[in-house]
Amino acid sequence: MSQVFDGYERQYCELSANLSKKINSANLLDGEQKKQKISEVIGGFEDGEALIRKMDLEARTLPPTVKAMLLAKLREYKTDLNNLKTDVKRITSANANQALRDDLLESGMADTSTASADQRTRLLMSTERLNQSSDRIRESRKVMLETEELGVSILQDLHQQRQSLLQANSTLRGVDDNISKSKKVLSNMSRRMNRNKWIIVAIITILIIAILLVLYFKLTR
């Protein structure tokens, strides 16, 4: 297991517990205090996403068996962070609905003859547009983070492939060196065999000449 990953994991668990407490606390507050608490939680979401990205990067540098286990943990942490975001969204939606109801009541009390359906419709449409804009911003940010994670994953894979190619190149150089040494050994063996062959031929020739001389001297006596 990676000590670096464990450090990021501890930081995330502490952050998640702290965010959960703040969300529960915000649910009991009203007005500016509630908005401030929600702003703190949203800032904590950015820290949580940064820690998850760091854990992802660290996990992808580890051996496959460890990597698979840590990536499964990361999926749980991402789900946990999304659940916290859903809780905040529910609280903010409740606040928006309450504010809308208050605006409608105030408008109706100020001028019941002109506030009726048109004002309520405009307020509802404005709130809907704000909600849609917020949703689009969240989706865009989510796509950006996913694209960033994909880019990091691709870079990691390319780095691993480069390391594999460098190792293969080093192995080929080693094989080439061994082949060159083998060629030298075979060449030396071939030269020695040729030299021994000529020595044997010379010895045989000398023996034949000696035998002929012996026969000649015997026959001439």
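Residues numbered from 1 in each chain as written. Predicted model: local features only at pLDDT ≥ 70, side-chain atom pairs only at ≥ 80, totals over all residues. Heavy atoms only, no water.

Caption draft 1: Examining the overall build of the chain more closely. A count of helical and extended segments in the chain gives four helices and zero strands. Scanning the chain from its N terminus toward the C terminus, one meets helices and strands in the order α-α-α-α. Across the 221 residues in the chain, those meeting the buried criterion constitute 19%. Sequence-distant contacts, at least 24 apart, represent 72% of the contacts inside the chain between residues at least 6 apart. Surface exposure of the chain reaches about 16,500 Å², of which carbon and sulfur atoms provide 59%. (Helix = DSSP H or I, 4+ residues; strand = E, 2+ residues; numbered from the N terminus. Buried < 20%, exposed > 50% of the residue type's maximum accessible area, 1.4 Å probe, protein only. Contact = heavy atoms within 4.5 Å. Areas by Shrake-Rupley, 256 points an atom, 1.4 Å probe, with all protein chains shown as cover.)

Caption draft 2: Layout of the environment of Gln11. As for its position among the elements, Gln11 is in helix 1 (residues 3-26). For Gln11, a relative accessible area of 42% puts it in the partly exposed group. Put simply, Gln11 and Asp47 are 36 residues apart on the chain and 9.8 Å apart in space, counted from C-alpha to C-alpha.

Caption draft 3: The packing of aromatic side chains, seen in detail. In this structure the tally under the stated criterion is two aromatic pairs. Judged by centre distance (5.0 Å) and plane angle (45°), the ring pair of Tyr12 and Tyr77 falls under tilted. Here Tyr77 lies in helix 3 (residues 64-110) and Tyr12 lies in helix 1, a separation of 65 residues in the sequence. Overall, Tyr77 belongs to the buried group, its relative accessible area being 12%. (Phe/Tyr/Trp six-rings, centres within 6.5 Å; stacked < 30°, edge-to-face > 60°.)

Caption draft 4: Up close: the environment of Gly43. Turning to its location among the elements, Gly43 is positioned in helix 2 (residues 31-59). On the basis of relative accessibility, which here comes to 29%, the residue Gly43 falls in the partly exposed class. Spatially, the C-alpha atoms of Gly43 and Leu19 are 9.8 Å apart, while their sequence positions differ by 24 residues.

Caption draft 5: Looking closely at helix 1. Taking 1.5 Å of rise per residue, 24 residues should cover 34 Å, and helix 1 covers 35 Å from first to last C-alpha, within 8% of that figure. Within helix 1, burial applies to Phe5, Gly7, Glu9, Tyr12, Leu15, Ser16, Leu19, Ile23 and Ala26. (Expected span 1.5 Å × (residues − 1).)

Caption draft 6: Region of the structure containing a nonpolar patch on the surface. Taken together, the side chains of Ile200, Ile204, Ile208, Ile211, Leu212, Leu215 and Leu219 make up a nonpolar region of the molecular surface, amounting to roughly 720 Å² of accessible area. Of note, Ile211 is situated in helix 4 (residues 112-220). (Patch = residues over 30% accessible without salt bridge, like charges linked within 9 Å, V, L, I, M, F, W, Y side chains within 5 Å. Salt bridge = Lys/Arg side-chain N within 4 Å of Asp/Glu carboxyl O.)

Caption draft 7: Geometry of the side chain of Asp56. Take Asp56: it is sitting in helix 2. Residue Asp56 is classed as buried on the basis of its relative accessible area, which comes to 5%. When neighbours within four sequence positions are excluded, Asp56 is seen to be in contact with Leu71 and Leu74.

Caption draft 8: The arrangement of the nonpolar core in detail. Tyr12, Phe45, Ile52 and Met55 are the most contacted members of the largest nonpolar core, which has 22 residues in total. Of all the secondary-structure elements, those providing two or more residues to this core are helix 1, helix 2 and helix 3. It is helix 3 that provides the largest number of residues to this core, a total of eight residues. Once residues within four sequence positions are removed from consideration, Tyr12 is found in contact with Gly48, Leu51, Ile52, Met55, Tyr77, Asp80 and Leu81. (Core = buried A, V, L, I, M, F, W, Y, C linked by side-chain atoms within 4.5 Å.)

Caption draft 9: Fine view of the pattern of salt bridges. Applying the stated criterion across every chain yields a total of six salt bridges. Residue Glu40 is joined to Lys22 by a salt bridge in which the shortest nitrogen-to-oxygen separation is 3.7 Å. Taken as a pair, Glu40 in helix 2 and Lys22 in helix 1 lie far apart in primary sequence, 18 residues in all. Salt-bridge contacts for Lys85 lead to Glu49; the nearest nitrogen and oxygen are separated by 2.4 Å. Taken as a pair, Lys85 in helix 3 and Glu49 in helix 2 lie far apart in primary sequence, 36 residues in all. Since its relative accessible area comes to 29%, Lys85 is described here as partly exposed. Judged by its relative accessible area of 7%, Glu49 is buried.

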